[in-house]
Amino acid sequence: MTDSGTKSYSLEARALECVRDDRTLFRDLAFRLEPGQALLLEGRNGSGKTSLLRILCGIRLPDAGMIAWCGTDIQRLGADYYQHTAYVGHRDGIKLDLTPMENLAMARALGRPSDMTLEAALARVDLYGFEDVPTRNLSAGQQRRLALARLLVTDATLWILDEPFTSLDVHGIRVIEELLEAHAQQGGMLAVTSHHAVNLQRSPVHRINLSA
Amino acid sequence: MKRHSLIRAFSLLIRRDFILAMRHRAEMANPLLFFILVTSLFPLGIGANPRLLQAVGPGVIWVAALLAALLSLDGVFRSDFEDGTLEQYLLSSHPVSLLVLAKVLAHWLITGLPLLLISPLLGVFLGLPAAGIQILFITLLLGTPVLSLIGAVGVALTVGLRKGGMILSLLVLPLYVPLLIFASSAVDTAAAGLPVTAHLSLIAALLVLALSLSPFATAAALRVSLS
């Protein structure tokens, strides 16, 4: 988050195509994302939102086309791309048998550490006071918020979020929306799928509807 | 700075797996218990004939060690796959092969090392001579990491399948066979009072080969499994 404002990062999708079980989910999809912008993916269940996010992460290969980070194919960049990204998928990516602190410490070590302390990150998602409770004992919404707290402990520009608001209550949704807004304001980029309306008033939002 | 954070990620990953293993002690003890039970049931099953036991002892211990490793292998990446942490390794800014190596090292320390430490006792139990027990220990020391390293490739390939257990055995067991042959014949040879340098060198070569190739193969297999 700190140096992303000064460098001009960009994420670009060129002529993307995704085929799943002989069904073409999307084809000739192109977009460009710059610092401070958000990409909101919409569409029915099974329209390829998660597949597109996984392609953005480089976990899944597109059937045609490519994703470029600052003009270079992410498949060639590898770890040089991943130090700029943070992904919270459909699965939380946290260990239920570890405490929130242990989970965040691991998440921080896997990426490029940010300046925020682990306690501050927990406080940001309203989990202060739960540092040493086994994650298994937290509610589904609290576990989701812990997963999203991972975004804060690494210094990533591009946040790739798959249904971040799943199992969050109204208050939780507002907390996370503020987080997303703050990230975009600081020059971060967002790629989000969501069934909920995402309220980002101060940032430009691209909408792509995959079922259209 | 970058190297420092890589070392930190490496050690933290090992420590985390240790903490997880300590919170699941029963699961962790399972392979060790299996190893002890199988080897100690053999004398009861085939009779307490010292010469017979000495003859089958090395093979029995090695087969039991191999199956115990196979039993514990599925756990290397299974839970990481299910809770989504595996994706996080692949999206880490560190080389995936080194993170994989940390996982395998943790797996060996948790399941292979206890097995290694208890093996001299089981050697005594099967009536192996002192020279044989010594070589048994050395072969297990060199060989059990190979079991974990080769096994990791198989697990990485099958982790995306719902019932990968059978395929895992079929994939991995043939690769274990050379190790099994060299290791148990080394112990036999040593028990007969002959030099075993050639056997040990071969097992050490297998270890070096596995150590240098398996992390890359495992990382590539994980990518395939997750895509």
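This report concerns the structure included in the present document. Bear in mind the structure is a predicted one, so any value in this text is a computation, not a measurement.

The rules behind the values
Residues numbered from 1 in each chain as written. Chains lettered and ligands numbered in written order. Predicted model: local features only at pLDDT ≥ 70, side-chain atom pairs only at ≥ 80, totals over all residues. Helix = DSSP H or I, 4+ residues; strand = E, 2+ residues; numbered from the N terminus. Rg over C-alpha atoms; globule rule 2.2 N^0.38 Å. Buried ≥ 20, exposed ≤ 12 C-beta atoms within 10 Å, placed from the backbone. Contact = placed C-beta atoms within 7 Å. Pairing = 2+ DSSP bridges. Axes fitted to C-alpha atoms, helices over the stretch in contact; angles between N-to-C directions. Nonpolar A, V, L, I, M, F, W, Y, C, P; charged D, E, K, R; others polar. Parallel < 35°, antiparallel > 145°, perpendicular 65-115°, else oblique. Left-handed = near helix turned anticlockwise from the far one by under 90°. Core = buried A, V, L, I, M, F, W, Y, C linked by C-beta atoms within 7 Å. Expected span 1.5 Å × (residues − 1). Arc of directions from axis to C-beta.

Some details on the overall build of chain B
Here is step 1 of the chain: For chain B, the count of helices and strands is 9 helices and 0 strands.
Here is step 2 of the chain: Tracing chain B from N to C terminus, the helices and strands come up as α-α-α-α-α-α-α-α-α.
Here is step 3 of the chain: In terms of overall dimensions, chain B is globule-like: its C-alpha atoms have a radius of gyration of 18 Å, near the 17 Å expected for 227 residues.
Here is step 4 of the chain: Every one of the 227 residues in chain B was classed for burial, and the buried ones make up 45%.
Here is step 5 of the chain: Of the contacts formed within chain B by residues at least 6 apart in sequence, a portion of 81% connects residues at least 24 apart.

Considering the sheet that holds strand 8 (residues 189-193) of chain A
All names here are of chain A.
Here is step 1 of the chain: Spatially, 5 strands are ordered 6-7-8-3-9 in an open sheet, and the strand pairing comes out parallel. Two strands close off the open sheet at either side, each with one partner strand: strand 6 (85-88) and strand 9 (205-209). Within the sheet, the average angular offset between the axes of one strand and its neighbour, ignoring direction, is 15 degrees.
Here is step 2 of the chain: Bridge count between strand 3 (residues 38-42) and strand 9: 5 bridges; the pairing is parallel.

Side note on the interface of chain B and chain A
Here is step 1 of the chain: Between chain B and chain A, the residue contacts involve 22 residues of the former and 27 residues of the latter.
Here is step 2 of the chain: Counting residues per element, the ones that place at least two in the side of chain B that touches chain A are helix 1 (2-22) and helix 5 (85-90) of chain B.
Here is step 3 of the chain: Per-element accounting of the side of chain B that touches chain A gives the leading share, 7 residues, to helix 1 of chain B.
Here is step 4 of the chain: Classifying every residue of the side of chain B that touches chain A gives 9 nonpolar, 8 polar and 5 charged.

Things to note about the packing of helix 3 (residues 50-73) of chain B against helix 7 (residues 130-158) of chain B
Residue and element names in this part refer to chain B.
Here is step 1 of the chain: Packing of helix 3 against helix 7 brings their axes to within 10 Å, and their N-to-C directions diverge by 30 degrees. Relative to helix 7, the element helix 3 lies roughly parallel. Classified by chirality, the crossing of helix 7 by helix 3 is right-handed. Across the interface between the two elements, Pro-58, Ile-61, Ala-65, Leu-66, Ala-69, Leu-70 and Leu-73 of helix 3 pack against Gly-132, Leu-136, Leu-140, Thr-144, Leu-147, Ser-148, Gly-151 and Val-155 of helix 7.
Here is step 2 of the chain: Classifying every residue of the contact of helix 3 with helix 7 by side-chain character gives 11 nonpolar, 4 polar and no charged.

Section: the nonpolar core
In a soluble, globular protein the nonpolar side chains are often hidden away together inside.
Here is step 1 of the chain: Counting residues in hydrophobic clusters, the biggest one holds 122 residues, and the most contacted among them are A:Ala149, A:Ile160, A:Leu190, A:Ala191, B:Ala65 and B:Ala156.
Here is step 2 of the chain: B:Ala65 has contacts with B:Phe35, B:Leu115, B:Leu140 and B:Thr144, leaving out every residue within four places of it along the chain.

Some thoughts on the sheet that holds strand 1 (residues 11-20) of chain A
Residues and elements named next belong to chain A.
Here is step 1 of the chain: Overall, antiparallel pairing links the 4 strands, which are arranged 2-1-4-5 in an open sheet. Bordering the open sheet on either side are strand 2 (23-33) and strand 5 (72-73), each of which pairs with just one other strand.
Here is step 2 of the chain: Across 2 bridges, the pairing between strand 4 (residues 64-69) and strand 5 is antiparallel. Note on strand 5: the bridge partner recorded for Trp-69 is Thr-72.

Thoughts on the pairing of strand 3 of chain A
Put simply, side chains in a regular strand alternate between the two faces of the sheet.
Here is step 1 of the chain: Sheet topology note: the strand 3 of chain A/strand 8 of chain A ladder contains 4 bridges and is parallel. The residue of strand 8 of chain A that forms the bridge with A:Leu40 is A:Val192.

So, unusual backbone geometry
Residues and elements named next belong to chain A.
Here is step 1 of the chain: Unlike most non-glycine residues, Asp-28 shows phi in positive territory, near 55 degrees.
Here is step 2 of the chain: Within the fold, Asp-28 resides in strand 2.
Here is step 3 of the chain: One non-glycine residue, Asp-126, lies in the positive phi region at around 65 degrees.
Here is step 4 of the chain: Its location among the elements puts Asp-126 in the loop between helix 5 (118-124) and helix 6 (140-153).

Some thoughts on the environment of B:Leu6
Here is step 1 of the chain: Assignment of secondary structure puts B:Leu6 in helix 1.
Here is step 2 of the chain: Sequence spacing of B:Leu6 and B:Ser93 is 87 residues, and the spatial spacing of their C-alpha atoms is 9.0 Å.

A few points about the environment of A:Leu138
All names here are of chain A.
Here is step 1 of the chain: Looking at the secondary structure, you find Leu-138 in the loop between helix 5 and helix 6.
Here is step 2 of the chain: You can call Leu-138 partly exposed: it has 19 C-beta atoms within 10 Å.
Here is step 3 of the chain: The spatial distance from the C-alpha of Leu-138 to the C-alpha of Leu-180 is 23 Å, given a sequence separation of 42 residues.
Here is step 4 of the chain: Those residues in contact with Leu-138 that sit more than four places away from it in its chain are Phe-130, Val-133, Gln-143 and Leu-146.

Some details on helix 4 (residues 100-110) of chain A
Here is step 1 of the chain: When you tally the buried positions in helix 4 of chain A, you get 9 out of 11 residues, the bulk of the element.
Here is step 2 of the chain: For helix 4 of chain A, the complete set of buried residues consists of A:Pro100, A:Glu102, A:Asn103, A:Leu104, A:Met106, A:Ala107, A:Arg108, A:Ala109 and A:Leu110.

Considerations on the pairing of strand 7 (residues 158-162) of chain A
All names here are of chain A.
Here is step 1 of the chain: Burial runs high along strand 7: 5 of the 5 residues are buried.
Here is step 2 of the chain: With burial as the criterion, each face of strand 7 is covered, one bearing Leu-158, Ile-160 and Asp-162 and the other bearing Trp-159 and Leu-161.
Here is step 3 of the chain: Pairing between strand 6 and strand 7: 4 bridges, direction parallel. The residue of strand 7 that forms the bridge with Val-88 is Leu-161.

What about helix 7 (residues 170-185) of chain A?
Residue and element names in this part refer to chain A.
Here is step 1 of the chain: Under the 1.5 Å per step criterion, the end-to-end length of helix 7 is 22 Å for 16 residues, consistent within 8% with the ideal 22 Å.
Here is step 2 of the chain: Along helix 7, the residues classified as buried are Ile-176, Leu-180, His-183 and Ala-184. Along the long axis of helix 7, the arc covered by the buried residues comes to 100 degrees, so they all point the same way. Opposite the packed face of helix 7, turned more than 90 degrees from it, sit the exposed residues Val-170, His-171 and Arg-174.
Here is step 3 of the chain: Residues of helix 7 that are buried sit in contact with strand 3, helix 6, strand 7 and strand 8.

Comments concerning the packing of helix 3 of chain B against helix 8 (residues 165-191) of chain B
Residues and elements named next belong to chain B.
Here is step 1 of the chain: Viewed as axis vectors pointing N to C, helix 3 and helix 8 meet at an angle of 150 degrees, and their least axial separation amounts to 9 Å. Compared by their axis directions, helix 3 and helix 8 come out roughly antiparallel. The handedness of the crossing between helix 3 and helix 8 is right-handed. Within the contact between the two elements, helix 3 uses Gln-54, Pro-58, Gly-59, Trp-62, Leu-66, Leu-70 and Leu-73 and helix 8 uses Leu-168, Ser-169, Val-172, Tyr-176, Leu-180, Ala-183, Ser-184, Val-187, Asp-188 and Ala-191.
Here is step 2 of the chain: Taken together, the residues that form the contact of helix 3 with helix 8 break down as 12 nonpolar, 4 polar and 1 charged.

Any link to function would need more than the numbers given here.
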